[in-house]
Each structure stands twice: as structure tokens, then as C-alpha cells.
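Each chain, written out:
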Amino acid sequence: MNKAVRDAREALEKAAIQDGATIVLGGFGLTGLPENLIVALRDSGVKDLTCVSNNAGVDDWGLGLLLQTRQIRKMISSYVGENQTFERQYLSGELDVELVPQGTLAERIRAGGAGIGGFYTPTGVGTVVAEGKEIRVIQGREYVLEAPIRGDFAFVKAWKGDRLGNLVYRMSARNFNPVAATAGNVTLAEVENLVQPGEIDPDHVITPGIFVDYIFQGTYGPKRIEKRTNRPAGGAGA
Amino acid sequence: MDPSELKKERIVRRAAQELKDGFYVNLGIGMPTLVANYIPPGMDVILQSENGVLGVGPYPEKGREDADLINAGKETITVLPGASFFSSADSFAMVRGGHVDLTILGGMEVDQEGNLANWMIPGKMVKGMGGAMDLVAGAKRVVVTMLHTSKDGASKVLRKCALPLTGRKVVNTIITDLAVLEVTPQGLRLAERAPGVTVDEILKATEAELLVDEVVEMPV
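In this report, we go over the structure that sits alongside the text. Given the structure is predicted, the values throughout are model-derived calculations rather than measurements. (Residues numbered from 1 in each chain as written. Chains lettered and ligands numbered in written order. Predicted model: local features only at pLDDT ≥ 70, side-chain atom pairs only at ≥ 80, totals over all residues. Heavy atoms only, no water.)

## Side note on the overall build of chain A
Step number 1: What chain A contains, in helices and strands, is 6 helices and 11 strands.
Step number 2: Over its C-alpha trace chain A gives a radius of gyration of 18 Å, about what one expects of a compact globule, namely 18 Å for 238 residues.
Step number 3: Seen along its three principal axes, the alpha-carbon backbone of chain A occupies a region of about 50 × 50 × 40 Å.
Step number 4: Here chain A holds 238 residues, and 55% of them are scored as buried.
Step number 5: Considering only contacts within chain A whose residues lie at least 6 apart along the sequence, 72% involve residues at least 24 apart.
Step number 6: Approximately 10,000 Å² of chain A is accessible, and the part contributed by carbon and sulfur atoms is 46%.
Step number 7: Between the centroid of the 26 positive side chains of chain A and the centroid of its 28 negative side chains there is a distance of 3 Å. (Helix = DSSP H or I, 4+ residues; strand = E, 2+ residues; numbered from the N terminus. Rg over C-alpha atoms; globule rule 2.2 N^0.38 Å. Buried < 20%, exposed > 50% of the residue type's maximum accessible area, 1.4 Å probe, protein only. Contact = heavy atoms within 4.5 Å. Areas by Shrake-Rupley, 256 points an atom, 1.4 Å probe, with all protein chains shown as cover. Lys, Arg positive; Asp, Glu negative; His and termini not counted. Charge placed at Lys NZ, Arg CZ, Asp CG, Glu CD.)

## Things to note about helix α1 (residues 8–15) of chain A
All names here are of chain A.
Step number 1: Within α1, the full set of buried residues consists of Ala-8, Glu-10, Ala-11, Leu-12 and Ala-15.
Step number 2: Looking at the buried residues of α1, the elements they touch are α2 (35–44), β8 (151–162), β10 (184–195) and β11 (214–217).
Step number 3: Following α1 by one or two positions, Ala-16 has its phi on the positive side, about 55°.

## Observations regarding the pattern of salt bridges
Step number 1: Tallying each qualifying case throughout the model produces 30 salt bridges over all chains.
Step number 2: Arg-159 of chain B serves as the salt-bridge partner of Glu-209 of chain B, at 3.3 Å between the closest nitrogen and oxygen. Of this pair, Glu-209 of chain B sits in the loop between α4 (199–204) and β13 (210–211) while Arg-159 of chain B sits in the loop between β9 (157–158) and β10 (173–175); the two residues are 50 residues apart in sequence, bridging distant segments of the chain.
Step number 3: Residue classification places Glu-209 of chain B among the partly exposed residues on the basis of a relative accessible area of 48%.
Step number 4: Three or more residues are tied together by salt bridges with common partners; here these are Lys-157, Arg-170, Glu-192 and Lys-223 of chain A together with Asp-66 and Asp-68 of chain B. (Salt bridge = Lys/Arg side-chain N within 4 Å of Asp/Glu carboxyl O.)

## Observations concerning the nonpolar core
Step number 1: Grouped together as the largest cluster of nonpolar side chains are 48 residues, with contacts concentrated most on Val-25, Val-35, Leu-116 and Leu-181 of chain B.
Step number 2: Here this core gets 4 residues from one element, more than from any other, and that element is helix α1 (residues 3–16) of chain B.
Step number 3: Setting aside residues up to four positions removed in sequence, Val-35 of chain B forms contacts with Val-12, Ala-15, Ala-16, Leu-19, Leu-27 and Ile-104 of chain B.
Step number 4: Ranked by size, the runner-up nonpolar core spans 36 residues in total, among them Leu-95, Phe-153 and Phe-155 of chain A together with Met-125 of chain B. (Core = buried A, V, L, I, M, F, W, Y, C linked by side-chain atoms within 4.5 Å.)

## Quick notes on the packing of α1 of chain A against α2 of chain A
Residues and elements named next belong to chain A.
Step number 1: Two elements in contact, α1 and α2, have axes separated by 9 Å at closest approach and are oriented at 65°. With respect to their mutual orientation, α1 and α2 come out roughly perpendicular. Of the two possible hands of crossing, α1 and α2 adopt the one that is right-handed. Listed contacts from α2 to Ala-8, Arg-9, Ala-11 and Leu-12 of α1 are Asn-36, Leu-37, Ala-40 and Leu-41.
Step number 2: Among the residues forming the contact of α1 with α2, the class breakdown is 6 nonpolar, 1 polar and 1 charged. (Axes fitted to C-alpha atoms, helices over the stretch in contact; angles between N-to-C directions. Parallel < 35°, antiparallel > 145°, perpendicular 65-115°, else oblique. Left-handed = near helix turned anticlockwise from the far one by under 90°. Nonpolar A, V, L, I, M, F, W, Y, C, P; charged D, E, K, R; others polar.)

Pasting the structure below:
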């Protein structure tokens, strides 16, 4: 079995993404973003996309790139505060936005990938998030029913992977990637290091290859940092 | 330090007293993050960051930042020995599942029933709730840190929140520059007053009804 392709462009060609597709993406802020796939998607010109992603990138990176070119019609996210292009398109009504609590978003994606038809969560009970949704009292506590999310495609970024699709992540770049990987009808993975099967200890695999359809080694410049924070010289800091 | 910084430092110092040995704690973005600077020496507190880190350490030294290692505020961090990384789904299993002992987060409004509003102002650009709704719904204890009044002097401690809620009946304790307030089944209890602040001054600055019996001075 060989799921390896040359690059993001070939992965997108094989996946045959059409206008109007729903894509679930890993990443948190600018960390663990499937950046090669996002750039290639921009270059492909497909439009009217629904993107499920915790954040919307910044103006000139991440999903901000696809907002600039107006390829995204709808975003499903938990926090979108770092992007002026987003703000402009949202306020003008060009962009449809569904804000979802972060834990609910992760669990909806998890449910979508795991074949679960929905779940009851205490998150958002008594808030606008619960409006129009079923509320059920379970063991004395109120819960709101949330629906699963599944994508036509999922884009994920990992640190290491092999041609069978097994993936290992690095530090907090893991974030939404393992759940996103499960929730695409077709899942595309980009990795910093494509290694031989067997080089990853089976005990260390985070995303088993069954969830991945195409994999390639991406090309990466220096990683971007959204908020560079340092401890004061000689002191501690949060 | 200017007066508003002093007020915030007082809040942060008092909030640090909510920490207990062995606690798993999630600190919100902004003022709550600073609580980490006041963990008493020798106390074992493990910080969770909802983007997928347990065992958050200090900010890195200059030049030692790693783009793959950030907190939920997207700030570069380090981790302590014994740290772990996990997915967002696992992270919120910790949060919703009641495994996080304490969350300290900021507030725009809190009311006497323990309702919290801290994520949106109608008519303004909405940035999203992030993990706040999950944290207040799931953490064992919810402490809100905020200035007692807004810039124009209006009380942020209300009879009823006017802004859209982050959580309903979720707050346990409110720590402000003026007071510490406890949400009890009987109502909102004035537990502590800040040094140099009288009970009358607190009552004047508070729109909510307060239960006033024994009020001690904030030990900061």
C-alpha cells in the first residue's frame, strides 16, 4: 500500500476537490496548520468552500489566504479574532460564520469521524449556543444536543508520517489534527518528515494510517509565531 | 506602577490564593495567565492549556521559542518535566469531564446567580467563545477575575447579566480590585474587601444585591 504522493498539488488532484466542498482542517492559531495544502487549494481556485477550523488564520497566512481570494463561503470555528479580512467579509455578509465552543467543535468532529450521530454536552446550556437545540436532563443535569461534523475532505499536518498514513505530531501542533484526520471522507496529510514504514514505533502512532488517504512531505520555511513571548531575563513568566 | 496595574496585580495575587497543592488548573487569557507568576514556592500545581498541553512552564528565554509549543493564547511557552501533549478532543474531555480542578478566567459581567458573560458584545465584532463555554461548564471550580467597575464607573457585578451569557449559574467566586464575592445558594456574599476599601464603597460600586455579614480584609 502506498498513499504517498509528490506534493500538495498532486494530493489535491487525486482527491478531486470540487466547488462547494466541506473541509475539516487541523491547526490551532498558526500551529500545526496544513499550510502546503491550504496554499495549493488557493492556487487550485476551488470556491464556495465550507471550512471547519478552530481559527481562521491571520490575514496573510493559514485560512486567511483563502479568505483573501474569497474561496470560503462559510466558516465553522470557535475563535476568529486575529483576522481583519475575516472581519470585513463577516460584517459585509459575504461570509457565513457558525461559532461553536471549542470543546463542542472538537467533539462534533470526533463524532463525525467516529460514526456517532450526535451527543449531549453541558457546554452552552442557557446561552445562545443552545438556542433551537434539544435540551435533555440526564441524571439531574441539563445537556444540549449537538450534531456531528464530517467533511468531504480533511486536511491535517503532522510531524512524521509513513506511506501507510501513520502519523505522529509534535508538541502543541497536535491540537485538532488527530480528530480532523478521522473526519474526512478523504483525508490528506502533510508531514515534515516522510519516513519508511517501521520507523515509527507502533506504540507511538497517534493517527493510525487507516484514517489517511494521501500523504506527502511538505516544504516548510521558518515556522511563524503569532505571539512571541519570553520570560524576563532571569525571572519566571507564565 | 500605574493605579490600574496595581489593581490588576492585587486581583492576580488574590486569585493565586485559590490554588491548592495537587490542583490541575486552566488559566484564561490575559490577567488570569499572570496568576502563574504567583504560584507559592513548593506548591504542586499543574497548568492545563486547552490547545493540548498539561504541565505548562514559564515563557521561553529569548531565542528559545518553538512555534510548535504555544498556549491557548497563542503565546510561546515551555513545558515542565512530566508534561504531556494531547488532541483537542482529549483536552476537552479533561475540561468537560470535571478533571480540571479550577479555572480562572476574565469577565465582562457576572450576576448574583453566578451567570457569566465574557465573550460577546452585541453590535461589535464577535471573535468567538473559544474554550470559555466548555471551561465554565466543566471545571470543578470557576473563579472570575475582573475590575469591579467598567471605565465609566458602571458596576460589572449585576443583578442580572445584560450581555449574552458564556455560562448559566457557573461562577463560584468573583475576585475584583475591590472585593471577593462568593456565589451561594442564598445569594452573592461579600466575603472580603480590598485593603483600604470600605464595605460602603463596595456596596456603592455594586449593582447586585450583596449578603453582608462577616467581611474580612483581602489577604494581599
